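# Structural overview for review
Below are the chains, spelled out letter by letter.
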Amino acid sequence: MGRMSSGANRGLMGLRFLDRTTTGKEEDAWRVIEKRFNQNVVDGRLFKDKFGVCIGMGDSKEFAGELFEALARRRNISTENGIGVEELRDFWEDMTNQDLDTRLHIFFDMCDKNGDGKLSEEEVTEVLVMSASANKLSKFKQHAAAYAALIMEELDPDDKGYIEMWQLEELLRGMVGSDDIKKRAKKTETLARTMIPKEYRTPINKFLSRNSEKFYDNWKRIWVVVLWLTINLSLFIWKLNQYKHRAAFQVMGYCVCLAKAGAETVKFNMALILLPVCRRTLTRLRETFLGRVIPFDDNINFHKLIALAILLGAALHILMHCSCNIVRLTTCPKNQFDAIFGPAFDYHQPTYLGVVGTIPGITGILMMILMIFSFTLATHSFRRNVVKLPAPFHHLAGFNSFWHPFSITSAPDDDYLSVHIRTLGDWTSELKNRFAKACEPQTKKPRQGNLVRMETKAFPGIVIKGPYGAPAQNYKKYDILLLIGLGIGATPFISIIKDIVNNEARNNVVEMHNYLTSVYEEGDARSALIAMVQSLQHAKNGVDVVSESRIRTHFARPNWRQVFTHLAAAHPCCRIGVFYCGSQTLTKPLKKLCQEFSINTSTRFQFHKENF
């Protein structure tokens, strides 16, 4: 009983209404709230509708309003005319009180709106609806009444029609164990670090090993970029020396040498720039021996590097011609012009505009306009439709102009081809409409929000180009896989998981975790009841309240360091392939963790990414 009581206390210590201060000083946190108070008061009084903004719950206005009323009821304060700064200070001290009973009573008072000390099923439903709204869980909100009945069934077995304070405390024991989990994670991390190989234990060896690890991770990139730079530099120097011995050098000097040298690198890179984005070719090359020496996963970065070289070479070529060569050509002495350039111009020395108006001049200008147009549309703002073009040109931006393929979600052994497509733009919306016309009428409502499954035997007229390779193509060469999909980025891994399940004779080889980042983290009062319902529903029916499947959903963001620590301890001396598909938000943190744990443990983590 003592262990149970202390465990509940530890769990309830996490029940909080405000985020913990980053400095550890209470007065610093109060000054922030006091500043917001001064920004939102009317005649020195703070009203209910501004309370959430003032305490940092601006995105949970309804929840903050109920909290405001509960705090006022506890202190018998009339809030018709708002509250002053002294009363706000009292509210703040109640919310941040270290005594768990105080915070638990506040939470109970929020639920017990009529103040009778009892929670009816209707009051529990209202709190669940309010919590669902604060956490943006529309599906949960629709089933709030059913979840309230589940709580009443658990805590009111005698069917009294209400639950009391001590019973709510029992419910919140689901939060128990947060400290135990942290202790286990710390122990696991310590265990992982005890398995550090000898070459990582001294500072010098660690420095050498760290750099050798970086070289090992990047040697493919290094040799390809060095080769590419060597070719560019060789062409530049060769053309520079060639024109030093031409007659035009007497008039134009090094200007003509630099212009021609820059143009030579442009010719080479223009011939090369499309190769990194020839997806079908790269898909075939990945399977050959070249896949072991060429970093095909970095094809887009190499494409951008080539584009940058073209931009610099073209800029040098244009600058030298426009600011130097044409000027010297049109102003040099007539006898010198006739001797060197006369045959090319019928012995007629042109003007500046005359040179620009020649076929090479006009085509050069047109090429630059097209290049600027292409470079502009390739920037992030236009490619992601951040900048909206006028109606006649809006089809030129976004994925209408740009290399985005959809993910195949069927396994190689399946007798069908499946693709998951998110209807986000005009093209995908029209694709959905075409399928809807050809498919059988939908007889049942979709189970999961807007997720619709449409089937047809009369396949619409669609041309499929592909399939194309991806960084996860070589997943079979690793002992362990860590597949991380952010949002729609989870789709590339569906086929991998299917293939593993279809071909792996052992059971329990796949472990899946869902993380819902829109829900406030464990311990926040706004998500306390949702977490408890999650535990009750999973314990009773084995079904998750969010995904409506056996896969349990974790609330808030994953603790990636804890994930890597667990993998390093569970799989020593193994090669773990970490595959990530999603926005670039997680790319750097995950790559850094892979490098850190590869150096500090005996496990090797190799990172592969595919950004969308």
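Residues numbered from 1 in each chain as written. Predicted model: local features only at pLDDT ≥ 70, side-chain atom pairs only at ≥ 80, totals over all residues. Heavy atoms only, no water.

Named according to an unreviewed UniProt entry, the chain is Respiratory burst oxidaseprotein H originating from Sesamum radiatum. Taken from UniProt, the Sequence similarities (unreviewed entry) comment for the chain reads in full: "Belongs to the RBOH (TC 5.B.1.3) family." Its UniProt record gives the chain a comment under Subcellular location (unreviewed entry), which states: "Membrane". (UniProt positions renumbered as here; feature names shortened; annotations may be inferred.)

## Things to note about the overall build of the chain
Along its length, the chain carries 25 helices and nine strands. For the chain, the proportion of its 612 residues judged to be buried stands at 36%. Summed over all atoms, the accessible surface of the chain reaches about 36,100 Å², with 58% contributed by carbon and sulfur. (Helix = DSSP H or I, 4+ residues; strand = E, 2+ residues; numbered from the N terminus. Buried < 20%, exposed > 50% of the residue type's maximum accessible area, 1.4 Å probe, protein only. Areas by Shrake-Rupley, 256 points an atom, 1.4 Å probe, with all protein chains shown as cover.)

## Section: the pattern of salt bridges
Applying the stated criterion across every chain, the model contains 15 salt bridges. With a closest N to O distance of 3.1 Å, E264 and K267 form a salt bridge. In this pair, E264 and K267 both sit in helix α14 (residues 254–272), three residues apart, roughly one turn of the helix. K267 gets classed as exposed once you look at its relative accessible area, which sits at 52%. Taking the shortest distance from any N to any O, the salt bridge between E596 and R561 comes out at 2.7 Å. One end of the pair, E596, is in helix α25 (residues 587–600); the other, R561, is in helix α24 (residues 560–570), with 35 residues separating them in the sequence. (Salt bridge = Lys/Arg side-chain N within 4 Å of Asp/Glu carboxyl O.)

## Notes on the nonpolar core
In terms of nonpolar packing, the biggest core is built from 59 residues, with F17, F51, L67, L88, F107, L128 and F140 touching the most fellow members. With near-sequence residues (within four places) excluded, F17 lies in contact with M57, L67, M95, R103, I106, F107, M110 and A525. W560, A568, Y580 and F597 belong to the second largest nonpolar core, which has 16 residues in total. (Core = buried A, V, L, I, M, F, W, Y, C linked by side-chain atoms within 4.5 Å. Contact = heavy atoms within 4.5 Å.)

## Let's talk about a nonpolar patch on the surface
Residues F406, I408, L417, V419, I421, W427, I462 and I464 make up a contiguous nonpolar surface patch of roughly 710 Å² in combined accessible area. Here I421 is to be found in the loop between β4 (419–420) and α21 (426–438). Relative accessible area serves as the criterion here: at 33%, I421 is assigned to the partly exposed category. (Patch = residues over 30% accessible without salt bridge, like charges linked within 9 Å, V, L, I, M, F, W, Y side chains within 5 Å.)

## Section: α25
End to end, α25 covers 20 Å across 14 residues, agreeing with the expected 20 Å (1.5 Å per residue, within 8%). Within α25, the full set of buried residues consists of T587, L590, L593, C594, F597, S598, I599 and N600. (Expected span 1.5 Å × (residues − 1).)

## Points about the UniProt feature "transmembrane region" (unreviewed entry) in the chain
Residues given the UniProt feature "transmembrane region" (unreviewed entry) here are residues 222–240, 305–331, 351–378 and 480–497. Note that residues 222–240 is 100% helix and 0% strand, and that its end C-alpha atoms are spaced 27 Å apart. Taken end to end, residues 305–331 is 100% helix and 0% strand, and its two terminal C-alpha atoms sit 38 Å from one another.

## Here we look at the packing of helix α4 (residues 61–74) against helix α5 (residues 85–95)
Axis separation between α4 and α5 bottoms out at 10 Å; the angle between their running directions is 100°. Accordingly, the angle class assigned to the pair α4 and α5 is roughly perpendicular. The residues of α5 that touch α4, namely those facing L67, F68, L71, A72 and R74, are F91, D94 and M95. Class assignment of the residues belonging to the contact of α4 with α5 gives a composition of six nonpolar, no polar and two charged. (Axes fitted to C-alpha atoms, helices over the stretch in contact; angles between N-to-C directions. Parallel < 35°, antiparallel > 145°, perpendicular 65-115°, else oblique. Nonpolar A, V, L, I, M, F, W, Y, C, P; charged D, E, K, R; others polar.)

## Some details on unusual backbone geometry
For Y347, which is not glycine, the phi dihedral falls at a positive 60°. Locating Y347 in the fold gives a position in the loop between α17 (334–340) and α18 (352–356).

## Re the UniProt feature "domain: EF-hand" (unreviewed entry) in the chain
In this numbering, the UniProt entry assigns the feature "domain: EF-hand" (unreviewed entry) to residues 99–134. Each end of residues 99–134 is marked by a C-alpha atom, and these two atoms are 25 Å apart; helix forms 72% of the span and strand 6%.

## A short note on the packing of aromatic side chains
Throughout the structure, instances matching the rule amount to 13 aromatic pairs. With a centroid separation of 5.8 Å and an interplanar angle of 50°, the aromatic rings of F337 and F345 are classed as tilted. F345 gets classed as partly exposed once you look at its relative accessible area, which sits at 27%. Taken together, F51, F68 and F91 form an aromatic cluster joined through their ring pairs. Looking at K118, its charged tip hangs above the ring of Y162, at a distance of 4.4 Å from the centre. Over the ring of Y243 we find R246, and its NZ or CZ is 4.6 Å from the ring centre. (Phe/Tyr/Trp six-rings, centres within 6.5 Å; stacked < 30°, edge-to-face > 60°. Lys NZ or Arg CZ within 6 Å of the ring centre and 35° of its normal.)

## Topic: the state of the cysteines
Enumeration according to the criterion identifies one disulfide in this entry. Between the sulfur of C255 and that of C324 lies a disulfide, 2.0 Å long from S to S. Residues C255 and C324 are joined through a disulfide that is right-handed, its torsion about the S-S bond being 85°. Taken together, the residues span a long stretch of sequence, with C255 in helix α14 and C324 in helix α16 (residues 299–331) at a distance of 69 residues. The pair formed by C255 and C324 is uniform in burial state, with each residue classed as buried. You can see C257 has no disulfide; the closest cysteine sulfur is in C255, sitting 8.8 Å from it. (Disulfide = S-S within 2.5 Å.)

## Things to note about α21
Its 13 residues place the ends of α21 19 Å apart at the C-alpha level, agreeing with the 18 Å of an ideal helix rising 1.5 Å per residue. Residues of α21 that are buried include every one of T428, L431 and F435, and no others. Taken around the axis of α21, the buried residues stretch over an arc of 55°, which confines them to a single face. (Arc of directions from axis to C-beta.)

## Some points on the side chain of S602
Inspection of the secondary structure assignment puts S602 in the loop between α25 and β9 (604–611). Side-chain polar atoms of S602 contact the backbone nitrogen of C573, separated by 3.2 Å. (Polar contact = N/O pair within 3.5 Å; in protein donor to acceptor, adjacent residues only side chain to side chain.)

## Side note on the side chain of D499
Mapped onto the secondary structure, D499 falls in helix α22 (residues 494–503). When residues no more than four places from it in sequence are discounted, the contact partners of D499 are A411, P412, D413, Y475 and K476.

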